[in-house]
Amino acid sequence: MIGLPLTALDSPQLLLDLDVIDANLKRMFGAGKERGVNVRTHFKSLKCGGLARYIHERGGATFLCAKLNEAEVLAGVGIRDILIANQIVSPIKMQRLAELAKRVKLTVCVDTEANIDQLSKAMSAAGVTLGVLIEVDVGMARCGVLPGEAAVGLAQRIARSPGLRFEGLQGYDGHLQLMADMGEKRTKCLQGMEQLIGTRRLIEKAGVAVNTVTGAGTGTWEFVAGFPGVTEIQPGSFVLMDCAYHAVRPEFGCSLSILAMVMSVSPKWYVLDAGSKAISKDFGMPMIKGHAGETVTRLSEEHTKVEGEGMLAKVGDLREVIPAHCCATMNLHRQCIAVRAGKVEAVWPIEASGRYD
Ligand SMILES: Cc1ncc(COP(=O)(O)O)c(C=O)c1O
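Numbering of residues begins from 1 in every chain and follows the order in which that chain's sequence is written. Only residues with pLDDT of at least 70 get local features here, since the model is predicted, and only at 80 or more are side-chain atom pairs given and counted; chain-wide, interface and lining totals rely on the full set of residues. Hydrogens and water molecules were not included; the side-chain quantities draw on all heavy atoms of the structure.

Caption draft 1: Geometry of the sheet that holds strand β3 (residues 41–42). Two strands make a pair as long as DSSP finds a minimum of two bridges between them. By the criteria applied, helices consist of DSSP H or I runs no shorter than four residues and strands consist of E runs no shorter than two, each listed in order from the N terminus. Strand order in the open sheet formed by nine strands is β2-β10-β9-β8-β7-β6-β5-β4-β3, with parallel pairing between adjacent strands. Looking at which strands have only one partner, the edges of the open sheet turn out to be β2 (38–39) and β3. Taken together, the two bridges between β3 and strand β4 (residues 62–65) define a ladder with parallel strand orientation. Of the residues in β4, the one forming a bridge with Thr41 is Phe63.

Now the structure itself:
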């Protein structure tokens, strides 16, 4: 496929526009440098080892992910600093975690004493050291301990646990990412960061050093990067983007699309040969790239219905569909086609798609 134009490809295909990815990386990594924070890229949005390597080559050496299998894919393509931004609690996973900690600088999140003791026992038995962040709930009401005293006891426990290295805190504000009102988003985000840094200061006062304070996503990066006491941001969607995120973060371009072919035409609509099995709809309807008057009105398993006035679509025409959720769409495909200036530059497997372990 290398060198072929898009018109020579079968449909549907998952496309990545490398020029748009380059611009997104430059913007985010440049902002990180300017503001003195590390940008750790979230791999749960990408799931593709070739793309992780591409980002690494352009200055993004550190990654986080949601799952152990994603961390294993990252290690397999040479990434050496990996955060699993979740609690790993399954006894069956302890051996895999220890094996991975032998190969890379590996860090996980915790929010209970029991999990700290479980990790310490498993890592010290394997003779490895695992980095640990305490997850702090900065308003999302998902995982994590509340800001304040609760984290101090956990930090002291981690610091004296064999096999563990206390790294610091993670406070992710997922509830704010797609909020459209920038003023409200900023206010709520900064409140969360104040609580997070307040927690950092309490831990330091208790005599435990804090190396890392990490948080934020594509929707809140600009409020968190540069906040005093925060050392790192952890966005992921900024690489690929989607039409839901693009509505609130237009500074990043949509590099991900699904190439689909018109397979049926009526006077007021046409139908594409890809549906919800190829284009995630959990965050809403996708958009048609470069055709503002064409609106997706229905997405069934293998059909996308597109309506509009005076459309000139013919059977066999190609369209690029921009999904509303990039992360879930990457999880639907086995490979992606990396394109530059309309021609195929690389074909990468999406190794972690369809895996949840
Ligand atoms: C822990 C964590 N950090 C960061 C992010 C940011 O991701 P994104 O930039 O895709 O919003 C997420 C998204 O779910 C997350 O769960």
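Caption draft 2: Layout of the nonpolar core. Formed by 112 residues in total, the largest nonpolar core has its most connected members in Leu97, Ile134, Leu240 and Trp348. Domain start and stop positions are those given by an automatic or database domain assignment. Counting contributing residues per domain, this core is built from domain 1 (6–13 + 250–349) and domain 2 (37–239), each supplying no fewer than three. For Trp348, the residues in contact, after removing those within four places along its chain, are Leu16, Leu18, Cys48, Gly50, Leu51, Tyr54, Arg334, Gln335, Cys336 and Ala338. Buried residues of nine kinds, namely Ala, Val, Leu, Ile, Met, Phe, Trp, Tyr and Cys, make up a nonpolar core once their side-chain atoms join them within 4.5 Å. Residue exposure (1.4 Å probe, protein chains only): buried if accessible area is under 20% of the type maximum, exposed if over 50%, otherwise partly exposed. One finds Leu6, Leu9, Leu259 and Val344 within the second-largest nonpolar core, a separate group that totals seven residues. For this analysis, residues touch if any pair of their heavy atoms sits within 4.5 Å.

Caption draft 3: Spatial organisation of the domain arrangement of the chain. Taken domain by domain, the chain comprises domain 1 (6–13 + 250–349) and domain 2 (37–239). Relative to domain 2, the C-alpha centre of domain 1 lies at a distance of 34 Å. Counting residues at the interface gives twelve residues for domain 1 and 15 residues for domain 2. Summed over both sides, the interface between domain 1 and domain 2 buries roughly 1100 Å², with carbon and sulfur atoms accounting for 63% of that surface. If you sort the residues of domain 1 by the area they bury against domain 2, Phe252, Cys327 and Trp348 come out on top, with a joint share of 45%. Accessible area, probed at 1.4 Å, shrinks when two parts are joined; the buried area is that loss added up over both.

Caption draft 4: Here's a closer look at a nonpolar patch on the surface. Taken together, Met1, Ile2, Leu4 and Val347 make up a surface patch of nonpolar side chains, about 330 Å² in accessible area. Assignment of secondary structure puts Met1 in the segment before β1 (13–17). What makes a patch is a set of residues exposed beyond 30% relative accessible area and free of salt bridges, joined within 9 Å when like-charged and within 5 Å when nonpolar (Val, Leu, Ile, Met, Phe, Trp, Tyr). Where accessible areas are quoted, they stem from the Shrake-Rupley method and a 1.4 Å probe; at the residue level, only the protein chains shown are allowed to cover. Just to be clear on terms, a salt bridge is a Lys or Arg side-chain nitrogen sitting within 4 Å of an Asp or Glu carboxyl oxygen.

Caption draft 5: Expanded view of the side chain of Asp317. Along the chain, the position of Asp317 falls in the loop between β15 (303–307) and β16 (318–322). A distance of 2.9 Å separates the side chain of Asp317 from the backbone nitrogen of Lys314, its partner in a polar contact. In this structure Asp317 touches Ala260, Met261, Val262 and Leu312, once residues within four positions along its chain are discounted. Polar contacts, as used here, are pairs of N or O atoms within 3.5 Å; protein pairs need one atom able to donate a hydrogen and one able to accept it. Residues neighboring in sequence count only if both atoms are side-chain atoms.

Caption draft 6: How the structure looks around the site of the ligand. Neighbouring residues of the ligand: 15 residues in total, closest Thr218, Gln234, Gly236, Ser237 and Tyr245. Within the side chain of Thr218, a nitrogen or oxygen atom sits 2.6 Å from an oxygen atom of the ligand. Gln234 places a side-chain nitrogen or oxygen 2.6 Å from a nitrogen atom of the ligand. Relative to its unbound accessible surface of 390 Å², the ligand loses 91% to contact with the protein. Just so you know the grouping, Ala, Val, Leu, Ile, Met, Phe, Trp, Tyr, Cys and Pro go in nonpolar, Asp, Glu, Lys and Arg go in charged, and all remaining residues, Gly too, go in polar. Of the residues in the shell around the ligand, the class split is five nonpolar, eight polar and two charged. When at least one non-hydrogen atom of a residue lies within 4 Å of a molecule or strand, that residue is treated as near it.

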